[in-house]
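Geometric and topological summary
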Amino acid sequence: MLVAILSDVHDNTTNLLAALAEAEEQGCRHLLFTGDMTMLSTFRTLREEWQYGMDLVFGNNEFNRGDFFRLAELMPDTRLHGDEADITLADRRIYLSHYPHLAAQALNSGQYDAVFYGHTHTAHRQLVGRTLLANPGEICGVRSKPSYAVYNTDDNSLHHYTL
């Protein structure tokens, strides 16, 4: 299964829409989001434009969390987990958080096939033992070129793409 991984949109819906279109064209059929959509309207756009399932965690810029949770409950195939998530997709155990320090803790546990995080706005990929540690970079394009990642659950690999 191919999975799109996005982070740090910061309300740049133009780049968000471009990344979603590319990811779907590449064959992604699930989305993991590691935080910082920022506004509820960006969450609505994300759900309206992505027709497949998604798992999301909060970043440090979603301030009306109750509103986000209420909206997620109305959205099919949408699981908003809070600050961190421990999920299984296609027999891969995956950890999500916005924060690098929580990702490091999950990585050190040795329990996961893949650990994904955001916050730094910097694309990163590293294999530590059997665990893939990765940051998709930022969608917003403020600190670096906008990027996202595609994770392949079949072989536990990841590739970064720049918009």
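Located above this text is the structure these notes cover.
Residues numbered from 1 in each chain as written. Predicted model: local features only at pLDDT ≥ 70, side-chain atom pairs only at ≥ 80, totals over all residues. Heavy atoms only, no water.

Scanning the entire structure with this criterion turns up seven aromatic pairs. Both rings, one in Phe43 and one in Phe68, keep their centres 5.7 Å apart while their planes meet at 25°; by these two values the pair is stacked. With Phe43 in helix α2 (residues 40-49) and Phe68 in helix α3 (residues 65-73), this residue pair connects regions lying 25 residues apart in the sequence. Judged by centre distance (5.2 Å) and plane angle (90°), the rings of Phe58 and Phe69 are edge-to-face. Within this pair, whereas Phe58 is found in the loop between β3 (53-56) and α3, its partner Phe69 is found in helix α3, the two being separated by 11 residues in sequence. Note on Phe69: relative accessible area 34%, which makes it partly exposed. Linked through ring pairs, Phe43, Phe58, Phe68 and Phe69 together constitute an aromatic cluster. (Phe/Tyr/Trp six-rings, centres within 6.5 Å; stacked < 30°, edge-to-face > 60°. Helix = DSSP H or I, 4+ residues; strand = E, 2+ residues; numbered from the N terminus. Buried < 20%, exposed > 50% of the residue type's maximum accessible area, 1.4 Å probe, protein only.)

What follows covers the packing of α2 against α3. Between α2 and α3, the least distance of the axes is 10 Å, while the angle of their chain directions is 20°. One way to sum up the angle between α2 and α3 is to call them roughly parallel. α2 and α3 meet at a crossing whose hand is right-handed. Counting all contacts with α2, which are made through Leu40, Phe43 and Arg44, the residues of α3 involved are Asp67, Phe68, Leu71 and Ala72. (Axes fitted to C-alpha atoms, helices over the stretch in contact; angles between N-to-C directions. Parallel < 35°, antiparallel > 145°, perpendicular 65-115°, else oblique. Left-handed = near helix turned anticlockwise from the far one by under 90°. Contact = heavy atoms within 4.5 Å.)

Function cannot be inferred from these measures alone, as they are strictly geometric.
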